[in-house]
Amino acid sequence: MTVITLTILLFALGIGTSLTFVSSHWLLAWMGLEISTLAILPLMAQQHHPRAVEAATKYFLIQATAAAVLLFASTTNAWISGHWDIQQTSHPLPLTLATLALALKIGLAPLHSWQPEVLQGLGLNTGIILATWQKLAPFAILTQIQTPNSLLLITLGIASIFIGGWGGLNQTQLRKVLAYSSIAHLGWMVLVLQYARPLALLALLLYIIVTYATFTLFILQDVTSMKSLFALGAKNPILTTLLPFLLLSLASLPPLTGFLAKLLILKELTKQGLVPTAALAIMGTLLSAFFYVRLSVATALTLAPNTMTGTTPWRLASSRLTMPISISTVMAVALLPLTPALLALLTD
């Protein structure tokens, strides 16, 4: 793919997401979602590999189905109420349909089964876009609509937390692990969305920071499976030291950045009187924490079964840009001391 083509596709991707951000009209928001979908499809199929083409085809079919349901929900709302404003949508039928369509777009359980397979068929460079940037536009619409049935979002959130943790337990491919991680984290965001929207957006931002840092580290070392983590220590000892911190931050262990969002969400759920829901969310997170700890052990405490001959790669100068991973890693690990300031901002 040429530089001009890549630039046009990335520009279209940004335009589609930005259009959805600024839209209060259902058709404009829907149009932004479709521009983003059509822009990422060539990026997904650029390798001309059967797995990549299969992943692009699955993604197109799923997104087209969700777009059709969302368009049906918006036209139904216009037929019932006579307006196309997203924030003034009040009838339960179009709101429920729109919520389920957006849940399918971002991969919430039980509408999640496409996400691990699609992410597994992509390269890491495209996978980072799918796991982070493509969540922004549907989530922006979710924050604008007033779901009439709070039980729907709670059910989607709890199901995503448990299925995201359960599905990642037996995985050895890192892209599938990160896909199930995305499902579990989105469950936490949806769980608190109707009670504290700024908190849900904060959780989304922290998830993007930690996931971006993890993906860029995998890209830097070309790591795609758990087996390749065993030899990472011989290739680059410094990155081998950093990776467990990123994985444990995804697992939301204190005192890392990932713990910040979970702490604030649990505080808000307890404040709303949803103590059983908070307890279920904690139990579901234990499943996710298990496979993150397993990956951390495979990275830091397991040696490769064979010795490497020749010059060790970490002694050679790196030709890749390392500044993004440096900044994102610091943010993914060390933002927990900002909790009092964030609490003050959210309460104001």
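Values in this document were obtained by computation on a predicted structure and should not be read as measured data.

(A) Up close: the overall build of the protein chain. Scanning the protein chain from N- to C-terminus turns up 17 helices and zero strands. By the compact-globule yardstick of 20 Å for 348 residues, the protein chain fits well, its C-alpha radius of gyration being 20 Å. In terms of overall dimensions, the protein chain has a C-alpha envelope of 70 × 50 × 35 Å along the principal axes. Among the 348 residues that make up the protein chain, the fraction classed as buried is 51%.

(B) Just the UniProt feature "transmembrane region" (unreviewed entry) in the protein chain, in detail. Under the UniProt annotation, "transmembrane region" (unreviewed entry) lies at residues 57–80, 151–170, 177–195, 201–220, 241–266, 278–304 and 325–346. Helix makes up 89% of residues 177–195 and strand 0%, with an end-to-end C-alpha separation of 29 Å. Secondary structure content for residues 241–266 is 73% helix and 0% strand, and the end C-alpha separation is 30 Å.

(C) Quick peek at the side chain of Lys262. Relative to the elements of secondary structure, Lys262 occurs in helix 14 (residues 258–271). When sequence neighbours within four positions are dropped, the list of residues in contact with Lys262 reads His185, Trp188 and Ser252.

(D) Local environment of the domain arrangement of the protein chain. For the protein chain, the assigned domains read domain 1 (1–133) and domain 2 (149–305 + 322–339). Put simply, the middle of domain 1 and the middle of domain 2, counted by C-alpha atoms, are 23 Å apart. Across the contact, 23 residues belong to domain 1 and 27 residues belong to domain 2. Taken together, the two surfaces of domain 1 and domain 2 that pack against each other cover about 2,100 Å², and 76% of this comes from carbon and sulfur. The interface formed by domain 1 and domain 2 includes one salt bridge. The closest approach of N and O atoms between Lys176 and Glu117, which form a salt bridge, is 3.4 Å. Put simply, domain 1 and domain 2 have seven residue pairs in polar contact (both at pLDDT 80 or more) between them. Of all the elements in the fold, those that place two or more residues in the side of domain 1 that touches domain 2 are helix 4 (92–106), helix 5 (114–120) and helix 6 (124–131). Grouping the constituent residues of the side of domain 1 that touches domain 2 by class yields twelve nonpolar, ten polar and one charged.

(E) Representation of the pattern of salt bridges. The final tally for this structure, using the stated rule, is three salt bridges. Linking Glu34 and Lys105 is a salt bridge whose minimum nitrogen-to-oxygen distance equals 3.8 Å. A residue pair is termed long-range when its members are at least 10 positions apart, and Glu34 in helix 2 (residues 26–44) and Lys105 in helix 4 qualify at 71 residues. In this pair, the class of Glu34 matches that of Lys105, namely buried.

(F) Region of the structure containing the environment of Leu202. Looking at the element boundaries, Leu202 is found in helix 10 (residues 197–221). We classify Leu202 as buried; its relative accessible area is 12%. With 140 residues separating them along the chain, Leu202 and Leu342 place their C-alpha atoms 9.0 Å apart.

(G) Representation of helix 4. Spanning 15 residues, helix 4 covers 21 Å between terminal C-alpha atoms, matching the ideal 21 Å at 1.5 Å per step. Looking at the buried positions of helix 4, the neighbouring elements they touch are helix 2, helix 3 (50–81), helix 5, helix 7 (136–144), helix 8 (150–167) and helix 9 (174–193). Positive backbone phi, approximately 90 degrees, marks Gly107, located one or two places after helix 4.

(H) The arrangement of the nonpolar core in detail. Ranked by size, the top nonpolar core spans 100 residues in total, and within it Met44, Tyr59, Val118, Ile145, Phe218 and Leu229 carry the most contacts. For this core, the element with the most residues is helix 10, which contributes 15 residues. If we skip the residues at most four places from it in the chain, Met44 touches Ala52, Ala55, Ala56, Tyr59, Val118, Leu122 and Thr126.

(I) The arrangement of the environment of Asp222 in detail. Summarising the element assignment, Asp222 is placed in the loop between helix 10 and helix 11 (226–229). Note: C-alpha distance between Asp222 and Leu124 (98 residues apart in sequence) is 8.4 Å.

Cut-offs and rules
Residues numbered from 1 in each chain as written. Predicted model: local features only at pLDDT ≥ 70, side-chain atom pairs only at ≥ 80, totals over all residues. Heavy atoms only, no water. Helix = DSSP H or I, 4+ residues; strand = E, 2+ residues; numbered from the N terminus. Rg over C-alpha atoms; globule rule 2.2 N^0.38 Å. Buried < 20%, exposed > 50% of the residue type's maximum accessible area, 1.4 Å probe, protein only. UniProt positions renumbered as here; feature names shortened; annotations may be inferred. Contact = heavy atoms within 4.5 Å. Domains from an automatic or database assignment. Buried area = accessible area lost by both parts, 1.4 Å probe. Salt bridge = Lys/Arg side-chain N within 4 Å of Asp/Glu carboxyl O. Polar contact = N/O pair within 3.5 Å; in protein donor to acceptor, adjacent residues only side chain to side chain. Nonpolar A, V, L, I, M, F, W, Y, C, P; charged D, E, K, R; others polar. Expected span 1.5 Å × (residues − 1). Core = buried A, V, L, I, M, F, W, Y, C linked by side-chain atoms within 4.5 Å.

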